Amino acid sequence: EDKVVQSPLSLVVHEGDTVTLNCSYEVTNFRSLLWYKQEKKAPTFLFMLTSSGIEKKSGRLSSILDKKELSSILNITATQTGDSAIYLCAVEGGSGPLGLIFGKGTKLSVKP
Amino acid sequence: EAGVAQSPRYKIIEKRQSVAFWCNPISGHATLYWYQQILGQGPKLLIQFQNNGVVDDSQLPKDRFSAERLKGVDSTLKIQPAKLEDSAVYLCASSLDTRGYNSPLHFGNGTRLTVT
């Protein structure tokens, strides 16, 4: 069965800390891995990763994919209270028609 | 660019009642998805449309859930009759194509359904 596992499930840090969120997957027909940030509303797109070892960056956020280890990490440096959210990892692929398989998410709380 | 529009934002119904959700995807997006997100879990795909055709509905509880996208644009998702375990946020998303490559999903704000 295809699955995406994120860790930790929740994390509490203080402003200025650096955090690393993990995502591992067992998905047939892997196409890409995506990270989303979900606050109170809909998930918003952060990164799409298809190639191993190439880091994608956007401001204080960065992510990298390791296809050998079937995993990805999302790094957030110099965290701010506005980074508090649920971070969702999703993998495009699966044994059926193409779709996104989501992990349960990591709930990040950044305290001032 | 206008985002994915969903309505209503909230809905409270009693079990065994019916409910319908509406979604208008981003203009030009051929692929439309309905996801169910139960509290504490990641979104789960219910159904995927490519234009007005169904690509994947393997996880849709077809005895009570139905969805359509008649003209290849707007979509409705219906639950009849609702059960307590249907309480969740129903997210609609769209993308340019099914491949996903360089075409991530864009989500609407969702409809929060509470079944009492």
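Now for a description of the structure that goes with this document. These numbers were taken from a predicted model, which means no experiment stands behind them.

Another point: the sheet that holds strand β7 (residues 61-66) of chain A. Residue and element names in this part refer to chain A. The strand order β1-β3-β8-β7-β6 describes an open sheet built from five strands, whose pairing is antiparallel. Every other strand in the sheet has two partners, leaving β1 (3-7) and β6 (56-58) as the edge strands with one partner each. Here the strands of the sheet are splayed against their neighbours by 15° on average, with no regard to which way each runs. Here six bridges tie β7 to strand β8 (residues 71-76), and the two strands are oriented antiparallel to one another. Following the sheet pairing, L65 is matched in β8 by S72.

Looking now at the state of the cysteines. Note on terminology: a disulfide is the covalent bond linking the sulfur atoms of two cysteines. Residue and element names in this part refer to chain B. Per the stated rule, a full pass over the model turns up two disulfides over all chains. The partner cysteine of C23 in its disulfide is C92, sulfur to sulfur 1.9 Å. Because the torsion about its S-S bond is -70°, the bridge between C23 and C92 counts as left-handed. Note that C23 is positioned in strand β3 (residues 19-24) and C92 in strand β9 (residues 88-95), a separation of 69 residues in sequence.

Attention now moves to the sheet that holds strand β8 (residues 75-79) of chain B. Residue and element names in this part refer to chain B. The strand order β1-β3-β8-β7 describes an open sheet built from four strands, whose pairing is antiparallel. In this open sheet, the two strands that pair with only one neighbour each are β1 (5-7) and β7 (65-68). Put simply, the sheet's adjacent strands are angled 15° from each other on average, direction ignored. Here four bridges tie β7 to β8, and the two strands are oriented antiparallel to one another. Its bridge partner being in β8, E68 is matched across the sheet by T76.

The rules we used
- Residues numbered from 1 in each chain as written.
- Chains lettered and ligands numbered in written order.
- Predicted model: local features only at pLDDT ≥ 70, side-chain atom pairs only at ≥ 80, totals over all residues.
- Heavy atoms only, no water.
- Pairing = 2+ DSSP bridges.
- Helix = DSSP H or I, 4+ residues; strand = E, 2+ residues; numbered from the N terminus.
- Axes fitted to C-alpha atoms, helices over the stretch in contact; angles between N-to-C directions.
- Disulfide = S-S within 2.5 Å.

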